[in-house]
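If you want the building blocks of each chain, they are given just below.
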Amino acid sequence: MAEECMLSPETNVIPDTPQPPEKTLYTVKVLHEVREAQLSHGLRHGDYQLYRQYCSRRLRRLRKKLDLIQGDKKNFRKKVVTVDHLKDDKFLYIPLMTVERYWAYAMQLKEESQQETRKKFSMRNKLRKAAQAVITLEKLVEESGVFDARTQLEIQGYSAWLQGTVLFELADWSHEWDKPVVFFNKALAIYGKVKDAVSEDEREVYTGRLQELEVKMRFCRHHLGDRTATDTLLAMRDNEALGDKLDNLLAATRERQAATLSEVTWKRRTLAVKHEKVRLFLFNEGLIHGELEKMSDPDEQVRMLEKLLMECKDAIQLVRDDLKNDPTFKPRQQASNGPVSPLHFLHTYLCYHRLNLTVLRYVAMAHTYQKIVLGEVQVDEGKKAPKLQDLVRLQEMIIQNLKEILNLPGLEEDEQLREVIEGQIRAYQAHRCYFVAESFVKMEKWAEGLVLYERTLSHIKTAKKSNLEAAMVKDLDELKARVDGKKFTAHAQAILTSHVSTTPSISKLSIKNKKLLIDRLDEYVEDSRLTSTSPYVATVPTPMKSVHCKPLFFDLALNHISFPSLEHKVETSKKKQQQQQQEAPGGGLTGLTSAADCGMCWEGDEPANQVARRHDTPPRPANERASPPLPPALSRFLH
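Reading the values: the criteria
Residues numbered from 1 in each chain as written. Predicted model: local features only at pLDDT ≥ 70, side-chain atom pairs only at ≥ 80, totals over all residues. Heavy atoms only, no water. UniProt positions renumbered as here; feature names shortened; annotations may be inferred. Salt bridge = Lys/Arg side-chain N within 4 Å of Asp/Glu carboxyl O. Helix = DSSP H or I, 4+ residues; strand = E, 2+ residues; numbered from the N terminus. Expected span 1.5 Å × (residues − 1). Pairing = 2+ DSSP bridges. Phe/Tyr/Trp six-rings, centres within 6.5 Å; stacked < 30°, edge-to-face > 60°. Buried < 20%, exposed > 50% of the residue type's maximum accessible area, 1.4 Å probe, protein only. Axes fitted to C-alpha atoms, helices over the stretch in contact; angles between N-to-C directions. Parallel < 35°, antiparallel > 145°, perpendicular 65-115°, else oblique. Left-handed = near helix turned anticlockwise from the far one by under 90°. Contact = heavy atoms within 4.5 Å. Nonpolar A, V, L, I, M, F, W, Y, C, P; charged D, E, K, R; others polar. Arc of directions from axis to C-beta. pLDDT = per-residue confidence, 0-100.

- Per an unreviewed UniProt entry, the recorded name for the protein chain is Signal recognition particle subunit SRP68, and the organism is Petrolisthes cinctipes.
- Per UniProt, the protein chain has the following entry under Function (unreviewed entry): "Component of the signal recognition particle (SRP) complex, a ribonucleoprotein complex that mediates the cotranslational targeting of secretory and membrane proteins to the endoplasmic reticulum (ER). The SRP complex interacts with the signal sequence in nascent secretory and membrane proteins and directs them to the membrane of the ER."
- Here is the UniProt Sequence similarities (unreviewed entry) comment for the protein chain, exactly as written: "Belongs to the SRP68 family."

Written as C-alpha cells, this is what we have:
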C-alpha cells in the first residue's frame, strides 16, 4: 500500500509556472519627426497656415485609422488618448500633432496680428493651450512605461522647449523674462545629452535646436540687464530664431545711441543734425564698414548696402526739404565755386556718403560677377549668367560716381580729396581696361588685347603713386600679376596670327572673297563650307536678269491709205462659179446649199472683204467716207 502511495520520479516533477512575456518598448524620434514634418509642409518658407492644415489632416487620418473618431456627423464625443490606448506607438502621434497644431495656429496669428492687432489675444490663448497639451503629453509618456529612455528624454526636452517658447512669446506683455530661462536651460541640458548619444546623421537637427535655444536665452538675459548678451545679440544680424525681435532690438539700440548724435564734424566744419532719421543713418554708416569686413558673402554685402542706401535717400530728402527756403541752394548747386551754407554742406556730406556706398555696392557686385565669369561660382538655375560686358559696365558706373564726388558743392577746392579720388579712378580704370582686354582676347583679337594689357599696367602704375587703401593696393597687385601672365600669351598669339596672315592661303582667300562654287568652277580651293550643313554652292533660285523685249510696231498710217479697186477680179470669179453650177450633175440638196451659200456669200461687198483678207490687208467698207488728210509730219515720214 505504501508502495502504491509512493510517487514515481516522473510524477514528482513540478510543472513550470508560465512567465509573463517581455515588455516591448517603443522608440519615437520626436524632434526628427516634428522637424521633418515642418520642413515638408510649409515651414521651409514660413507658411504656418499650411502646416496647421497639415496637422489637422494628419490628426483626422490617425483617428480614423486607429478607430478613435470623436463622434459622428451629428454628435461630438471627445476621446482623449490614455495609457490604455498606448498599445501601439502610433497613438502617441495624436497628442503630438495636437500640440503642433496649437503652436502653428499661434504662430500664424502672430503674423496676422501685425495687420489686425486684435488677433494677438487669440494668439495668447493658442499658446496657453499648446503649453497645457504638451504637459499632458509628457505625463502620458511617463505613466505609460512603454517608451524607451531616448523617447522619454526627447519628450521632456520638447516639452521644456515649447513651455519656454510660450513664456518667451508672452513675456512681451508680462515682462517676466526670467521664467523662460528655466525651461530653456532644461531643454539645453536634455538636447545636449541626446546629441551626444545619436549618430552623426541625426546631430544636425539637434544642433539647430541648441543654437535656437542659446539665442533665445541671450535675448532673455538682455532684458534682464546682461550687457554681454546685448553685445552678442547685436552681432547676430540675420539670425532667424528671434525673427522680428532681433531687428526691433537692433533698431531700438541704435536709436538710443543715435539720439546723442546731435552734430557731426567733417572737413573742419561742424554741422548740426536735427532729424532723427539723419542721425540714425549717420550712426549706421559708421558701423557698416566694420560689418562688411566680417562678411565673406558678396550677396549679403549687397543686400546690406542696398538697405543703407534707402535710409540715405530718406535722409537726403529730409535735408532737401529744409533747403527749399534757402535762396542760395539752387544757384550754388549749378555753380562751381562760392560759399556753402551749413545746411547745404550737410546735404553735400550725405550725397558724399550716398556715392561712396553706391561705389561699394558696385564693387561687391563686380566681385560676384568676376567669380561667375571665371567659373569659380555656379549661377542658380533660371538666372542669367553675367558676361565680361557687364563687368565693364560696372567699372564705368564706379568711375562715374567717383567723378560726381569731385563736383559736389563745397568740395571743388579740396586738393587732398581730389588726389585720393583721382587715384581711385585710375585704379578702376585699370580694372576696366583689363576686362575690355579680356573681351578682345576672347574674340581672338590678340593685338588689341595686348595694347589694352599694356594700358592696364600703365593705369596701375599711376594709381599706386596716390594714397590708396591697403585693400585697393592688394587688388591692384593681384591684377598686375594676372596681366603679366596674360600679356605674353597675347603677344605670342599676335605674332603667330600676323605670320599666318602674311602667308598666302587659298582657303583664306576663298572665304574672304566669298565666291560661290558655281562662279569658280575653274579654280581648286579647299573650302570646308562645302561639306557643312549649309554648303556655299549656288544661289537658289537664280537671280533675275534683264533681257531685250520684243519690239512692237503700231501701224498708224493704215487708216489713211486708199486701196485700188478689185471689181474686175470679183466679176470674173462670179462667172466661174455660175459655170461650175451649171456643169454639176443632179445638184440636190447639196448643190442647192452650195448655190445658196455662193449667192449669199457674193452679195454686197463680201467678195471685196475676202480678197482683202487674201492679200493680208484689213477690209475697208465700200460706203466709208474719204479719210481726212494726213498731218504734215506723218506725210513727210511716209514719203
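## Examining the pattern of salt bridges
- As enumerated under the stated definition, the model contains 19 salt bridges in all.
- Of the charged contacts, one joins Arg303 and Glu300 as a salt bridge, the two residues approaching to 2.4 Å between their closest N and O atoms. Residue Arg303 and its partner Glu300 are both found in helix α12 (residues 298–322); the two are separated by three residues, about one turn of the helix.

## Remarks on helix α14 (residues 342–374)
- The end-to-end C-alpha distance of α14, which contains 33 residues, comes to 48 Å, matching closely the 48 Å that a straight helix rising 1.5 Å per residue would cover.
- One or two positions beyond α14, positive phi appears at Gly375, with a value near 85°.

## Let's talk about the pairing of strand β2 (residues 269–272)
- As paired strands, strand β1 (residues 263–266) and β2 are joined by four bridges and run antiparallel to one another. Note that in β2 the partner of Val264 across the bridge is Leu271.
- Count of turn residues in the β1/β2 antiparallel hairpin: two residues, of which Lys267 carries a positive phi of about 55°.

## A closer look at the packing of aromatic side chains
- In this structure the tally under the stated criterion is 15 aromatic pairs.
- An angle of 75° between the planes, with centres 5.8 Å apart, marks the rings of Phe168 and Trp177 as edge-to-face.
- Judged by relative accessible area, which is 1%, Phe168 ranks as buried.
- Taking the centre distance of 5.4 Å and the plane angle of 35° together, the rings of Trp266 and Phe345 count as tilted. With a gap of 79 residues between them, Trp266 in strand β1 and Phe345 in helix α14 connect regions that are remote in the sequence.
- By relative accessible area, which is 12% here, Trp266 ends up buried.
- What makes Phe345 buried here is its relative accessible area of 3%.

## Looking at the packing of helix α3 (residues 48–65) against helix α4 (residues 93–112)
- Two numbers describe how α3 lies on α4: the axes approach to 8 Å, and their chain directions differ by 160°. As judged from the angle between their axes, α3 and α4 are roughly antiparallel. Considering the relative orientation of α3 and α4, their crossing is left-handed. Contacts from Tyr48, Gln49, Tyr51, Arg52, Cys55, Ser56, Arg58, Leu59, Leu62 and Arg63 in α3 reach Tyr93, Ile94, Met97, Thr98, Glu100, Arg101, Trp103, Ala104, Tyr105, Met107, Gln108 and Glu111 in α4.
- Residue classes in the contact of α3 with α4 are distributed as twelve nonpolar, four polar and six charged.

## Overview of the packing of helix α6 (residues 149–174) against helix α7 (residues 178–197)
- Where α6 meets α7, the axes come as close as 8 Å, and the angle between the chain directions of the two elements is 150°. Relative to α7, α6 is oriented roughly antiparallel. Here α6 runs over α7; the crossing is left-handed. For the pair α6 and α7, the contacting residues are Leu153, Glu154, Gln156, Gly157, Tyr158, Ala160, Trp161, Gln163, Gly164, Thr165, Leu167 and Phe168 in the first and Lys179, Pro180, Phe183, Phe184, Lys186, Ala187, Ile190, Tyr191 and Val194 in the second.

## Some thoughts on unusual backbone geometry
- Each neighbour pair has its own omega, and for Val540 with Pro541 the value is -5°, a cis peptide bond.
- The topology assignment puts Pro541 in the loop between α19 (506–513) and α20 (567–583).
- Within the chain, His175 stands out as a residue other than glycine whose phi angle is a positive 60°.
- On the basis of relative accessibility, which here comes to 58%, the residue His175 falls in the exposed class.
- The backbone of Glu444 shows a phi angle near 65°, a positive value even though the residue is not glycine.
- Inspection of the secondary structure puts Glu444 in the loop between α16 (415–442) and α17 (446–464).

## Quick look at helix α2 (residues 30–40)
- Taken residue by residue, α2 has Val30, Leu31, Val34, Ala37 and Gln38 as its buried positions. The arc that holds the buried residues of α2, viewed along the axis, is 140°, so those residues lie on one side.
- Where α2 is buried, its residues meet α3, α4, α6, α7 and α8 (203–223).
- A positive phi of about 120° marks Gly42, the residue just after α2.

## A look at the confidence of the model for the protein chain
- Confidence in the prediction of the protein chain, expressed as mean pLDDT, is 78, and 78% of residues score 70 or more.
- In this model, residues 502–512 is a region of pLDDT below 50 whose contacts with residues beyond four sequence positions or in other chains number eight contacts.

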